[in-house]
Amino acid sequence: MIIRSRAPLRLSFGGGGTDVSPYMDERGGAVLSVTIDKYAYASMRVSGGEPGMSVHSLDYDVVAKYAGEDDLKFDGSLDLVKAVLKRMKSNGEDKKSLEFFLHSDAPPGSGLGSSSTMAVAMLGLFRHWKNLPLTDYDMAELAWEIERIDLGIAGGRQDQYAAVFGGVNFIEFSKQAVVVNALRVKPEVLNELQYTCLLCYTGRTRMGDNIIRQQADNFRKGNVDAVAAMDEIKRIAVEMKAALLQGRLRDFAALLHEGWESKKRMAGKISTSHIDEMYTEARKVGALGGKVTGAGGGGYMLFICEFDKKHKVAEKLEQMGGQIVEFAFDYNGLQTWSTDG
């Protein structure tokens, strides 16, 4: 038997960073995001062979074999995969041979939530296989615990929830609970938004842990400008939700720009001279607003453009070393299925 799953990557329009503790715990956070047709894929072959686990990471051309839980030590190699297996695989219970095949449409450090999305995709395999009574909220929270608690990777909660639920969501975060509000946006508004959006890979990945840790430290230390920026970003996310629901896309684009300007004040290295230059030039030729899609420092940039100048923005970004990526919105979230192979 083969079980497969896929979970969508996400674009965060506003509020990113307010889903990170301790800001989230003390003031509450809010994020507006949409998932896209770029995915993390996971397959699991279950057989009656000798008990054990093997993992094929197709992105890194790596194959790893684990005889039992003692082999699942965190050593910098496939640690996220090992953390999921430690949580979900009980060798005393599962006398099976498990073979995993993993790959993603975007690399770690891309700013599209690829690591968290892979964790969600792997958890989907086990929920399907074992018929586990886990709600979507349970799945997202478990993926968060694996990354943030088990592995100690700094970050927020939005990626895991976006990957599980999918679609256009306004997600509210507090110390007590996370609430996913699926937005009923008119199809014509979503079509126009997608048509005017431009996604550009900067050519440089980054790991956002240090940026996120600095952001959290700035809040703990009471850095006035950084804390004010986080408050502004949350306010802007709320205004973006209203603009989107009301179909005010020019206002939405202006708020995207305002949010990016505020985000850069939250911590150092969120932007770079190269990103600033790309952003400035894109604005000159027709981008109404934009941002880096993740913690910052590299990965993908998202722009909303004048529809008749979008091609000019694309040409300028490509001249500067960017790579334009075609995409569409995804509304399904995590999906799992079985096949005979």
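Definitions and limits used
- Residues numbered from 1 in each chain as written.
- Predicted model: local features only at pLDDT ≥ 70, side-chain atom pairs only at ≥ 80, totals over all residues.
- Heavy atoms only, no water.
- Core = buried A, V, L, I, M, F, W, Y, C linked by side-chain atoms within 4.5 Å.
- Buried < 20%, exposed > 50% of the residue type's maximum accessible area, 1.4 Å probe, protein only.
- Helix = DSSP H or I, 4+ residues; strand = E, 2+ residues; numbered from the N terminus.
- Contact = heavy atoms within 4.5 Å.
- Pairing = 2+ DSSP bridges.
- Axes fitted to C-alpha atoms, helices over the stretch in contact; angles between N-to-C directions.
- Phe/Tyr/Trp six-rings, centres within 6.5 Å; stacked < 30°, edge-to-face > 60°.
- Lys NZ or Arg CZ within 6 Å of the ring centre and 35° of its normal.
- Parallel < 35°, antiparallel > 145°, perpendicular 65-115°, else oblique.
- Left-handed = near helix turned anticlockwise from the far one by under 90°.

Q: I'm lost on the nonpolar core in this one. Help?
A: For soluble globular proteins, nonpolar side chains are generally found buried alongside one another. In this structure, Met-44, Leu-85, Phe-100, Met-122 and Phe-126 are the most contacted members of the largest nonpolar core, which totals 46 residues. For this core, the element with the highest residue contribution is helix 3 (residues 114-130), accounting for nine residues. What Met-44 contacts, discounting residues up to four positions off in sequence, is Met-1, Ile-2, Ile-3, Leu-98, Glu-99, Phe-100, Leu-125, Phe-126 and Trp-129. In this structure, Phe-13, Leu-249, Ala-253 and Tyr-300 belong to the second largest nonpolar core, which totals 35 residues.

Q: What am I meant to see in helix 2 (residues 79-88) here?
A: With respect to burial, helix 2 is a largely interior element, eight of its 10 residues being buried. Here helix 2 has its buried residues at Asp-79, Leu-80, Val-81, Lys-82, Ala-83, Val-84, Leu-85 and Met-88.

Q: Looking at this structure, how should I read the environment of Arg-250?
A: Mapped onto the fold, Arg-250 is located in helix 9 (residues 249-263). The exposure class of Arg-250 is exposed, given its relative accessible area of 54%. Separated by 25 residues in sequence, Arg-250 and Ile-275 have C-alpha atoms that sit 23 Å apart. Apart from residues lying up to four places away in sequence, Arg-250 is in contact with Leu-288 and Glu-306.

Q: What am I meant to see in the sheet that holds strand 9 (residues 287-292) here?
A: Working definition: the strands of a sheet are paired by backbone hydrogen bonds and lie parallel or antiparallel to each other. Strand order in the open sheet formed by four strands is 9-10-8-11, with antiparallel pairing between adjacent strands. With partners counted over all chains shown, the strands left at the sheet margins are strand 9 and strand 11 (323-325), one partner each. Across the sheet, the mean angle separating the axes of adjacent strands is 30 degrees when strand polarity is ignored. Bridge analysis of strand 8 (residues 197-201) against strand 10 (residues 300-305) gives five bridges, and the strand direction is antiparallel. Residue pairing in the sheet places Leu-198 in a bridge with Phe-303 of strand 10. Across the face of the sheet, helix 10 (residues 273-285) comes into contact with strand 8, strand 9 and strand 10 while running at roughly 160 degrees to strand 9. Sitting on the sheet, helix 11 (residues 310-319) is in contact with strand 8, strand 9, strand 10 and strand 11, with an inclination near 5 degrees to strand 8.

Q: Help me understand the packing of aromatic side chains, please; the structure alone is not making it clear to me.
A: For any pair of aromatic rings, geometry is given as the distance between the ring centres together with the angle between the planes. Here the structure, examined in full by the defined rule, presents 12 aromatic pairs. For the pair Phe-126 and Trp-129, a centre-to-centre distance of 6.2 Å together with 55 degrees between the ring planes defines the contact as tilted. Taken together, the residues Phe-126 and Trp-129, both in helix 3 and three residues apart, mark about one turn of the helix. A relative accessible area of 0% places Phe-126 in the buried class. Judged by centre distance (6.1 Å) and plane angle (45 degrees), the rings of Phe-327 and Phe-329 are tilted. Across the pair, Phe-329 and Phe-327 agree in class, each one buried. Each member of the aromatic cluster is reached from another via a ring pair, and the members are Phe-100, Phe-126 and Trp-129. Its end group placed over the ring of Tyr-39, Arg-6 keeps NZ or CZ at 4.0 Å from the ring centre.

Q: Quick question: what am I supposed to make of the packing of helix 9 against helix 10 here?
A: Each packed pair of helices is defined by two parameters, the angle between the axes and the distance between the axes. At a closest axis distance of 14 Å, the pairing of helix 9 and helix 10 adopts a crossing angle of 160 degrees. Here helix 9 is positioned roughly antiparallel relative to helix 10, judged by the angle of their axes. Relative to helix 10, the crossing made by helix 9 is left-handed. On helix 10, the residues that touch His-257, Trp-260 and Glu-261 of helix 9 are Ile-275, Tyr-279 and Arg-283.

Q: How should the environment of Phe-173 be read in this particular structure?
A: Relative to the helices and strands, Phe-173 resides in strand 6 (residues 168-173). Owing to a relative accessible area of 3%, Phe-173 belongs among the buried residues under this scheme. Through-space distance from the C-alpha of Phe-173 to that of Arg-27 is 9.2 Å; in sequence the pair is 146 residues apart. Excluding residues that lie within four positions of it along the chain, Phe-173 makes contacts with Asp-19, Met-24, Gly-28, Gly-29, Ala-30, Val-31, Arg-157, Gln-158 and Val-178.

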